[in-house]
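This is what each chain is made of:
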Amino acid sequence: MRSEIIPEGDEFRHPLFVSPLPFLYRMIYRDTRRSNNVITYTTPHEIILNLHCFRDDDKITYINRDNNQEVFTITVDRFKVMLAESLYNVSHDDLELLYMRLILTNRYSKSIADKGQFRQMDTVLRRYLVSIKGGYDSYLSYENRKVILYFKYRRMSPIHLLAVLDYWNTQNPDININHINTPIVSNQGLLYECLRVELTKERFRMYHYDPVDEDNILPTKIDSEIIQVINQLIK
């Protein structure tokens, strides 16, 4: 039975940060003629990237994927509040997980009305991240008529890594292969998928290591910058 009450405690964790995703999302919204329309999204990330298309009083019904039953309904405004509150109560890894899911959703989903909006925000964020110096060792090598980037990363931030690699490959468009050695992070699978999207599978090799003290792993405090981008999508 559908309820206006959102489950609390151990029974419910915001689906932005869990896998597999437990819900489908039925959006009921009004157009310029003030008639109701319905669209169903498969992920909450599609909603986030399309929030600028909806009114605050439009409705979102969460639907259980397993039995197709309606779980609860909230307004778009309440969804925005839930999203904003959750950003300040999760770990750095969860924030980066959310951001990488937005990158992939913006790339692959056919339901995004304006893909350029998030791409522009991501471009601005990456410019800032590239300005954070250090935390990696890199050099170019010419082998077997190919330009190869050898890159050892010494931070725990996939988002910063994506920005720096994008910069290297933009500045050196003749790079054929990126050999990327990263410390093991919790979002390793999503990082691989983002690299596959941005570099193509043929242009990178990914390796992992368990960091020790000698690796001098540096902190990367970028939570506020990630939150700032997502808050722009909420407005």
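Note that the structure is predicted; figures quoted are calculated from it, not measured.

Definitions and cut-offs
Residues numbered from 1 in each chain as written. Predicted model: local features only at pLDDT ≥ 70, side-chain atom pairs only at ≥ 80, totals over all residues. Heavy atoms only, no water. Helix = DSSP H or I, 4+ residues; strand = E, 2+ residues; numbered from the N terminus. Buried < 20%, exposed > 50% of the residue type's maximum accessible area, 1.4 Å probe, protein only. Lys, Arg positive; Asp, Glu negative; His and termini not counted. Salt bridge = Lys/Arg side-chain N within 4 Å of Asp/Glu carboxyl O. Polar contact = N/O pair within 3.5 Å; in protein donor to acceptor, adjacent residues only side chain to side chain. Contact = heavy atoms within 4.5 Å. pLDDT = per-residue confidence, 0-100.

A. Fine view of the side chain of Asp-58. Within the secondary structure, Asp-58 sits in the loop between helix 1 (44-50) and strand 3 (59-64). Within the buried core, Asp-58 has no salt-bridge partner, and the shortest N-O distance to an opposite charge, that of Arg-30, equals 4.1 Å. A distance of 3.4 Å separates the side chain of Asp-58 from the backbone nitrogen of Arg-30, its partner in a polar contact. A distance of 2.8 Å separates a polar side-chain atom of Asp-58 from the backbone nitrogen of Arg-55. Once residues within four sequence positions are removed from consideration, Asp-58 is found in contact with Met-27, Ile-28, Tyr-29, Arg-30, Ile-74, Thr-75 and Val-76.

B. Inspection of the environment of Lys-235 at higher detail. Secondary-structure assignment places Lys-235 in the segment after helix 7 (223-234). Classification of Lys-235 as exposed rests on a relative accessible area of 77%. For the pair formed by Lys-235 and Ile-132, sequence separation is 103 residues and the distance between their alpha carbons is 27 Å.

C. Local environment of the confidence of the model for the protein chain. Taken residue by residue, the protein chain gives an average pLDDT of 91. The fraction at 70 or more is 93%. Note on residues 1-6: pLDDT is under 50 here. Beyond four places in sequence and across chains, it has 17 contacts. Predicted confidence is poor over residues 8-12, with pLDDT under 50, and the contacts of this stretch with residues over four places away or in other chains come to 4 contacts.

D. Up close: the pattern of salt bridges. Across all of its chains, the model carries 8 salt bridges by this definition. In this structure, Arg-30 engages Asp-57 in a salt bridge whose closest nitrogen and oxygen atoms are separated by 2.8 Å. Of this pair, Arg-30 sits in strand 1 (residues 23-30) while Asp-57 sits in the loop between helix 1 and strand 3, and the two are 27 residues apart along the sequence. We classify Asp-57 as partly exposed; its relative accessible area is 44%. Salt-bridge contacts for Asp-137 lead to Arg-154; the nearest nitrogen and oxygen are separated by 3.2 Å.

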